[in-house]
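# Tertiary structure, described
Each chain is listed here by its residues.
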Amino acid sequence: MRGTDTGTYRDGWGVPHLRADSADELARAQGRNAAVDRAWQIEVERHRARGTTAAFLGPAAVPWDRFARQACLEDTARRCMDTLERDDPRTAAWVRAYVDGVNDGLAEGAGRAPEFAAVGLSPGTWRPWTPLAVWLSTHILFAGFPAKFWREAVARRLGPEWVGVFATDGPGTSGSNGWLVTGERTATGAAVIAGDPHRFVEDPGVYQQIRLACPEFDVVGLAVPGVPGIAHFGHTGHVAWAITNAMADYQDLYRERLRRTGPDGTGVEALGPDGWRSAVRRTGTIEVAGAAPVAVEVIETERGPVIVDGPEADAWCAEAADGGDLPDGADGAGTRWAISLRHPPRVRGDLGFGVLPALLRARSAAEVDRALEGWVEPVNVVLAADTAGGTLHRVAGAVPVRHPGNRLRIVPAWDPAHAWRGWYGPMPRARVEGVAVMANQRGIAAPLGVEFAPAHRAARIRELLEESDRWSAGAMAAVHRDTLLASAAPLLALLEDAEAPEGPGGPGQEPGRAARGLRERLLRWDRRMDAGSADAAAFAAVRAGTVRRLADHPLLRPLADLPPLPEVLRPWLALVPRVGYALEHLLVTERLPLADRVGAVRAALEEEAARRAAADGPPARWGDTHRLAPWQALPDGPAGSSGADGGPGPWPGLSGDHDCVQASSSVPGVTDLCFRASAARFVWDLADRENSAWVVPLGASGVPGHPHHRDQLPLWLRCELAPVVTRWDRLAPEPAGPRDAPSDRGEP
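Here's what I pulled together on the structure shown here. What you see is a predicted model, and the numbers here were worked out from it, not measured in a lab. (Residues numbered from 1 in each chain as written. Predicted model: local features only at pLDDT ≥ 70, side-chain atom pairs only at ≥ 80, totals over all residues. Heavy atoms only, no water.)

Core analysis: the biggest nonpolar cluster contains 215 residues, and F149, F166, L465 and L586 have the highest contact counts within it. If near-sequence neighbours (up to four positions away) are discounted, F166 is found in contact with W150, V154, L158, E451, L556, L559, R578, V579, A582 and L586. Formed by seven residues, the second largest nonpolar core is a distinct cluster that contains V268, A270, V306 and A338. (Core = buried A, V, L, I, M, F, W, Y, C linked by side-chain atoms within 4.5 Å. Buried < 20%, exposed > 50% of the residue type's maximum accessible area, 1.4 Å probe, protein only. Contact = heavy atoms within 4.5 Å.)

Take a look at the structure:
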């Protein structure tokens, strides 16, 4: 693999296949490729980690920048890189090689990306810790610590007994499907692993299809642009692995008491278990395009960085302290409230990056298992299988041992009972027998979490896999595309109870003919959320109307006006989305009177029936309103483009729903637009890697207008996958040197 064999190759979809003479040279090549193919994307991520995006995106970016600064994201990444340099210099050198490649390719990549000129941004310089900062920034909200504010509010306003009623995976969390079928259940006698990570869909996509080959290893998988290696989904030819979010709780919020110190009042002390202790304080400035700079104060106590301060903290902490847990003398003049965040990378100075090159070199499920012992952030459930028949099903990551109350709500910083006391271990694992399924349900990670996804996706995947003992890699797309919505059952059950006498209907009266007809259609509905289904659209509309009415119920109305939080954290407190995510529980809980639940469903049914009766043309279909809405740093694109083909117009309609295997999440009661869906789909065949397949929502290129920018979207919409090509003679070598314009590598 020396000489002319090294370099970049492309398949028919523009996927980069990189060859080099050593692992470090390959890391450099991967960094350069990320810079050339995804310059705008990775530079936005670098600035997000530093808290400097407002300098070119304007005032709307200030809330994130303030959070990134106050949460010390870049400083934590520096600490983690220092640990890597000290404890694992080989991996540190590998990361630095990647960074060298990024810096080598950024000027070329920026020249190809029109977004830089659109906002007047010049590419910057990546530092050795920047990939770690990008990883941390991407995952800091992954475990959903803001949900503790919501639980705090529910417990205070409605009572602790209500907290479980709203328990479901809410806004900002990310999930996935994953399944492993052992050789006993496949046509080839070798295992198959398949799945799809559910994340906020971004343009460019958060996952990059890639191949990394050198004398030590040859791996295909899904990389995170800006981060070396293949962390989450990969196939080495000998072993393959995949992950889902374990839904573990490993981030804590502490109620802090602060006071100013020093002759000029610039010092800060925080009240901890050992009394008043010095806190770190520094100030900075957020530059804002088109507006005045914004000052930001960064404070860190012995628990962690302060992320809520001032009047916002007062509103969340003072009421809790009224319970009498504040020590004597801690509420004197000059003291104030704050809320700090404690999470493993900040405490340990480690993200687990030493695992990344170890995964690339793994040749068995046992070696994947050993590598994952060093993993930290985020906490994942992992499936792996190898060509010798070995399998793995385990949790990987760092979870602190602490008081159970830490997992639920904001806890007092000064109470020693809430201090961390080491790390949970050994991590849970399970034997794989025939089939293993992970879909964020309350499974092997149950001891580590509080809220998990409903079991519908996991149960449905297992049900589908039980239909055959001769599975092949090519047949797995049928599982990916399943749209059965099991969570529709409670609403449809109440719809049966909403039956009304015959009558013409009218304002304030029983449902009329249109409502009765719609009700009968929904009760006959096959419960599939297909884009072309008018019945799915009707169900979604009735569901949305039910959500809005329940959110206005007198028992829940106290949650409509909660104390303020920084803007980044506010989505976790929005009542209508919270009711929408927890609708299945709210429709069966006895805490809401049955008559009120039935009444909400009936009123929503009548409203939708009346709207349909008054509408012209054929009934709306689910895909008419359930459209893809990917996040873009520049929402209208560099030239005002936003549609599926890069031009003006709407993005396409989608099948699926949050609890379908084909997960495509909207916010019931707020919008049918889909912000979160499969950020990739894959099938890893352990019999022959060439039979593996994958797809991403848009394409391999991050450059607008490039032939491979959005060419996979039609496949992704149909839940079809493109083949993984591993034969070098079927790939096109890319000419060395700068490329001034996009070039097509041929039709797929």
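More follows now that the structure is in view.
Mapped onto the fold, Q41 is located in helix 2 (residues 39-50). One polar contact links Q41 to R38, side chain to side chain, over a distance of 2.8 Å. Excluding residues within four positions of it along the chain, Q41 makes contact with P204, G205, V206 and P225. (Helix = DSSP H or I, 4+ residues; strand = E, 2+ residues; numbered from the N terminus. Polar contact = N/O pair within 3.5 Å; in protein donor to acceptor, adjacent residues only side chain to side chain.)

Going through the model one piece at a time under the given rule, you end up with 53 salt bridges. One salt bridge connects R612 with E608, and the closest N-O pair in it is separated by 2.8 Å. Here E608 and R612 lie together in helix 22 (residues 594-614), a separation of four residues that amounts to about one turn. Of the two residues, R612 and E608, neither departs from the other in class, the shared state being buried. The structure contains a network of salt bridges with shared partners spanning E256, D274, R277, E302 and R303. (Salt bridge = Lys/Arg side-chain N within 4 Å of Asp/Glu carboxyl O.)

The next thing to look at is the packing of helix 5 (residues 73-87) against helix 6 (residues 89-112). Close contact between helix 5 and helix 6 brings their axes to 5 Å; oriented N to C, the two are set at 125°. In terms of orientation, helix 5 lies oblique with respect to helix 6. In this structure, helix 5 uses M81, L84, E85, R86 and D87 to contact helix 6, whose residues at the interface are P89, T91, A92, V95 and R96. For the contact of helix 5 with helix 6, the per-class residue count stands at five nonpolar, one polar and four charged. (Axes fitted to C-alpha atoms, helices over the stretch in contact; angles between N-to-C directions. Parallel < 35°, antiparallel > 145°, perpendicular 65-115°, else oblique. Nonpolar A, V, L, I, M, F, W, Y, C, P; charged D, E, K, R; others polar.)

Attention now moves to the pairing of strand 2 (residues 16-19). Of the two faces of strand 2, the one lined by P16 and L18 and the one lined by H17 and R19 are each fully buried. As paired elements, strand 1 (residues 7-10) and strand 2 share four bridges and run antiparallel to each other. Across the sheet, G7 pairs through a bridge with R19, a residue of strand 2. Count of turn residues in the strand 1/strand 2 antiparallel hairpin: five residues, of which G14 carries a positive phi of about 80°. Judged from the three bridges that link them, strand 2 and strand 5 (residues 208-214) form a sheet pairing that is parallel. Bridged to L18 within strand 5 is L212. (Pairing = 2+ DSSP bridges.)

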